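# Descriptive structure summary
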Amino acid sequence: MDRLTINAHELFRFVSEDVHANMYILLSDVRALVVDPHPAPQALALLQEAGIAECSMLLTHEHPDHTGGVYRFQQLFRSEVICHEACARAIAVPDENYPALIVAMLAVQDDRNGTNTAEHFRRNYEERLYQADVTFAERLEWTWEQEQFCLVSTPGHSAGSCCIIWNDAAVFTGDSLLKDIPAITRLPGGSTKRYKADTLPFLASLNRDFFALPGHGPEFRLGDATLWSDYVEPVDI
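The sections below set out a description of the structure shown in this document. These numbers were taken from a predicted model, which means no experiment stands behind them.

## Comments concerning the layout of surface pockets
Each pocket or cavity is described by its volume, and for the largest pocket that value is around 360 Å³. Residue lining of the largest pocket: 21 residues in total, with Ser16, Glu17, His38, Pro39 and Ala40 positioned closest to the centre. Here the lining of the largest pocket gets 3 residues from one element, more than from any other, and that element is helix α5 (residues 117-124). Looking at the lining of the largest pocket residue by residue, the classes come out as 11 nonpolar, 6 polar and 4 charged.

What follows is the structure, given as structure tokens:
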């Protein structure tokens, strides 16, 4: 667990053991805001110890390494799920979640690195279907505990990808922007064309002093990121 100070708030980050996916949690009295939930026992314990009763979950996209904890949170807290409408369609249909593709990509890395992350992910991934409570097509302005959020469609990595601007000072980028490698667009539902036409211009329009809180890897200033105008996709996650 990492403790970050963003917008003068303490933000908790939990990194999954297998694909190193980031989950972010913001607490306020009996309510929690969770971005991209995965089933981290330490995170669930934190919320229970804090006396949390309600949980709002924001999904940056539909891939199972970023949605795999929804069920656990729903079991323990009064919950709502908020995401792009394409993400909502995907998490409601078994064939759209593609856990097998993530396992296959991890297996390639395991062969190279002598690790066992593919089996770890397979063992911890729960095949569940989810119904989103709030969806949007292009943009959603949303308030939580006097904090202002704007969810913006950023297709390319997946059809249901979005970035989430927080108080005009930080942005949760999911897998639409990582610091040192371009976004992967070769998975089903991904589109290099849409990423270059829609998402890159949006990212380039943001304040370069924004904190970026990505789906994988450490936080960074947007001004320190490479925006991939000459798009070349890497082989690995």
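## Things to note about the side chain of Thr67
Residue position: Thr67 is located in the loop between β5 (54-58) and α2 (70-76). Since its relative accessible area comes to 2%, Thr67 is described here as buried. Apart from the residues within four sequence positions on either side, Thr67 is in contact with Pro37, Leu59, His61, Glu62, Ile91 and Tyr130.

## Here's the deal with the nonpolar core
In this structure, Phe14, Met23, Ile25, Leu47 and Phe73 are the most contacted members of the largest nonpolar core, which totals 24 residues. Where this core is concerned, the elements lending two or more residues are β2 (9-15), β3 (22-28), β4 (31-35), α1 (41-49), β5, α2, β6 (78-84) and α3 (85-91). Counting residues per element, this core draws most heavily on α1, which supplies 4 residues.

## Some remarks on the packing of aromatic side chains
According to the stated counting rule, one finds 5 aromatic pairs in the structure shown. Here Phe149 and Trp166 contribute two aromatic rings whose centre-to-centre distance is 6.0 Å and whose plane-to-plane angle is 10°, an arrangement assigned as stacked. Residue Phe149 is found in strand β9 (residues 147-153), and its partner Trp166 is found in strand β10 (residues 162-166); the two are separated by 17 residues along the sequence. Under the relative-accessibility criterion, Trp166 is labelled buried at 0%. A connected cluster of aromatic rings, assembled from ring pairs, spans Tyr24, Trp142, Phe149, Trp166 and Phe172.

## Things to note about the pairing of β6
Bridge analysis of β5 against β6 gives 5 bridges, and the strand direction is parallel. When the bridges of β6 are listed, Cys55 appears paired with Ser79. Following the backbone out of β5, through α2 and into the adjacent parallel β6, one traces a crossover that is right-handed. Where β6 lies against strand β7 (residues 134-136), 3 bridges are found, and the strand directions are parallel. Bridge pairing in β7 places Ile82 opposite Val134.

## Quick notes on the pattern of salt bridges
Where charged atoms of side chains with opposite charge meet at close range, the side chains can pair. By the definition in use, this model includes 8 salt bridges. A salt bridge links Glu219 to Arg13; the shortest N-O distance between them is 2.7 Å. A residue pair is termed long-range when its members are at least 10 positions apart, and Glu219 in the loop between β12 (211-214) and β13 (220-221) and Arg13 in strand β2 qualify at 206 residues. Residue class for Glu219 comes out partly exposed when judged on its relative accessible area of 28%.

## Structural notes on the sheet that holds β13
With mixed pairing, 6 strands are arranged side by side in an open sheet as β8-β9-β10-β11-β12-β13. Of all the strands in the sheet, just β8 (139-144) and β13 have a single pairing partner and so form its edges. Sheet topology places β12 next to β13; 2 bridges connect them, and they run antiparallel. Bridging across to β13, Phe211 finds its partner in Arg221.

About the criteria used
- Residues numbered from 1 in each chain as written.
- Predicted model: local features only at pLDDT ≥ 70, side-chain atom pairs only at ≥ 80, totals over all residues.
- Heavy atoms only, no water.
- 1 Å grid on protein atoms, 1.4 Å probe; cavity = no way out; pocket = protein on both sides within 12 Å on 5 of 7 lines; lining within 4 Å.
- Points joined across faces, edges and corners; volume = space filled by probe spheres on them.
- Helix = DSSP H or I, 4+ residues; strand = E, 2+ residues; numbered from the N terminus.
- Nonpolar A, V, L, I, M, F, W, Y, C, P; charged D, E, K, R; others polar.
- Buried < 20%, exposed > 50% of the residue type's maximum accessible area, 1.4 Å probe, protein only.
- Contact = heavy atoms within 4.5 Å.
- Core = buried A, V, L, I, M, F, W, Y, C linked by side-chain atoms within 4.5 Å.
- Phe/Tyr/Trp six-rings, centres within 6.5 Å; stacked < 30°, edge-to-face > 60°.
- Pairing = 2+ DSSP bridges.
- Right-handed = clockwise from strand over helix to strand, strands pointing away.
- Salt bridge = Lys/Arg side-chain N within 4 Å of Asp/Glu carboxyl O.

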